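Descriptive structure summary
The primary structure of each chain is shown beneath.
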Amino acid sequence: MNNYQIDVRGNNFFVEGLQGAGKSTFVQKLSEELTDYKVFCEGEYSPVELAWCAYVTEEQYHKVLMKYPSLREEIKQKTVIEGEHRIICYTKILTDVPNFHRDLEAYEIYNGNYDIESFENVILSRFEKWNGERQIFECSIFQNIIENQMLYFMMSEDEIMYFYKRLKNILMRKPFRIVYLDVDDIPGTIDVIRKERSDNNGNELWFPMMLKYLEESPYGRKHALTGLDGLLEHLAKRKALEHRIIREIFKDNACLIKSKNYNLSDVITLLKTSNAK
């Protein structure tokens, strides 16, 4: 099940893996067993992750409220004040108001909206301030950060590794474990989620969005990554990089389990047993 040792005295879990690895399902199952844990899923407010959330200054926040008066109360309900910034969980606001989601997406820290230094400073500073206990996070360390680093900043592997060494230096003072859901068959997994993430008429929802994200990124354009083949090439490269990060940086804080082919009781035992293999 696991190639690495894990000392499980910590009590925060980061669930990672490629798209379609079953992270959301695993998080749900784990939280049902660990009922005293707080769960942070993508798009929700999180003390460490900002995917699908707008990260705005107070001035920008008031401009958003002024531009969308009909959504004012919903925006307030989905906003968390964090220092000098406001975090708007805008994808949790269901609305047909034209351009709302597109406009709020421009305030995310991803998709090249920030320069490298600012992007990394936001992430590292939030992890530095985080002092949680008994928390479960869905893809808060790898997926969104690495996608931005690879596709938009076109950082080298060594540059990305250096970032994660800095992150590890922060996290080593905090109790955490990474549970990585490892996908053996990437093409098969993509085929499954293409079907799962379609509407009732069979129209694909996730796949066209994912292809657009890849193909329109600076890295995708430079390397002519298009269609299914381009996506598979990218995901294979990302998987290899994430394995390297775990192997070289997070070895003592991570366990790998087979995606969708695990016994939850065994995993929990693994996470609770000191120096389990």
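See the structure printed just above.
Notes on the structure follow. This is a predicted model, so every value here is computed, not measured. Numbers given for residues are sequential positions, taken from 1 along each chain in its written order. Where local features are concerned, this predicted model is filtered to residues with pLDDT of at least 70; where side-chain atom pairs are given and counted, the filter is 80 or more; whole-chain, interface and lining totals use all residues. The basis for every side-chain value is the complete set of non-hydrogen atoms in the structure, without hydrogens or water.

What about the overall build of the protein chain?
Keep this limit in mind: Only runs of H or I of at least four residues qualify as helices and only runs of E of at least two qualify as strands under DSSP, and these elements are numbered from the N terminus. As defined in this context, the radius of gyration uses C-alpha atoms, and a globule is described by 2.2 Å times the residue total to the power 0.38. Buried means the residue's accessible area, taken with a 1.4 Å probe over protein chains only, is under 20% of the maximum for its type, while exposed means over 50%, and partly exposed covers the values in between. Contacts are residue-level and defined by heavy atoms, with any inter-residue pair within 4.5 Å sufficient. Per-residue accessibility takes into account occlusion by the displayed protein chains alone, with areas from the Shrake-Rupley method and a 1.4 Å probe. In this count, Lys and Arg are taken as positive residues and Asp and Glu as negative ones, while His and the chain termini are left out. Throughout, a charge is located at the NZ atom of Lys, the CZ atom of Arg, the CG atom of Asp or the CD atom of Glu.
The helix and strand inventory of the protein chain stands at 12 helices and 8 strands. Taken against the 2.2 N^0.38 rule, which gives 19 Å for 277 residues, the C-alpha radius of gyration of the protein chain at 19 Å falls within 12% of a compact globule. In terms of principal-axis extent, the alpha carbons of the protein chain reach across some 55 × 40 × 40 Å. Looking at the protein chain as a whole, 52% of its 277 residues are labelled buried. When contacts within the protein chain are restricted to residue pairs at least 6 apart in sequence, long-range pairs at least 24 apart make up 77% of them. On the protein chain, roughly 13,700 Å² of surface is accessible, and the fraction owed to carbon and sulfur atoms is 46%. Between the averaged position of the 37 positive side-chain charges in the protein chain and that of its 43 negative side-chain charges there is a distance of 3 Å.

A short note on the nonpolar core
Applicable threshold: Residues belong to one nonpolar core when they are buried, are Ala, Val, Leu, Ile, Met, Phe, Trp, Tyr or Cys, and are joined through side-chain atoms within 4.5 Å.
Counting 77 residues, the largest nonpolar core has Phe127, Phe142, Tyr164 and Ile245 as its most contacted members. Per element, the largest residue contribution to this core is 7 residues, and it comes from helix H7 (residues 157–171). Setting aside chain neighbours within four positions, we find Ile245 in contact with Phe142, Ile146, Ile160, Met161, Tyr164 and Phe250. Within the second largest apolar cluster, 13 residues are counted, among which are Ala54, Val64, Ile88 and Tyr90.

Considerations on the sheet that holds strand S4 (residues 79–82)
Put simply, the rule is: Being paired, for any two strands, means DSSP has found at least two bridges between them. For every element, the axis is a line fit to its C-alpha atoms; helices are fit only across the contacting stretch, and the angle between N-to-C directions ranges from 0 to 180 degrees.
An order of S3-S5-S4 is seen for the 3 strands of this open sheet, with the pairing classed as antiparallel. In the strand order of this sheet, the two ends are held by strand S3 (54–57) and S4, each with one partner. Across the sheet, the mean angle separating the axes of adjacent strands is 25 degrees when strand polarity is ignored. In terms of strand pairing, S4 meets strand S5 (residues 85–88) through 4 bridges, oriented antiparallel. Its bridge partner lying in S5, Glu82 is registered against His85. Each of S3, S4 and S5 is contacted by helix H2 (residues 58–67), which is oriented at about 110 degrees to S3, the strand it contacts most.

Regarding helix H1 (residues 23–33)
In an α-helix there are 3.6 residues to a turn, and that puts residues three or four apart on one side. Heads up, the condition is: As used here, the arc belongs to the directions running from the helix axis to the C-beta atoms.
Every buried residue of H1 is accounted for by Lys23, Phe26, Val27, Leu30 and Ser31. Looking down the long axis of H1, one finds its buried residues gathered within 130 degrees of arc, a one-sided arrangement.

Topic: the packing of helix H6 (residues 143–152) against helix H11 (residues 227–248)
We count it as follows: When the near helix sits turned anticlockwise from the far one by under a right angle, the crossing is termed left-handed; a clockwise turn instead gives a right-handed crossing. Note that Gly is not counted as nonpolar here; it falls among the polar residues with everything else outside the nonpolar set of Ala, Val, Leu, Ile, Met, Phe, Trp, Tyr, Cys and Pro and the charged set of Asp, Glu, Lys and Arg.
Contact geometry for H6 and H11: axes closest at 11 Å, N-to-C directions at 120 degrees. In terms of crossing hand, the pair formed by H6 and H11 is right-handed. On H11, the residues that touch Gln143, Ile146, Glu147, Met150 and Leu151 of H6 are His234, Leu235, Lys237, Arg238, Leu241, Glu242 and Ile245. Residues that form the contact of H6 with H11 fall into these classes: 6 nonpolar, 2 polar and 4 charged.

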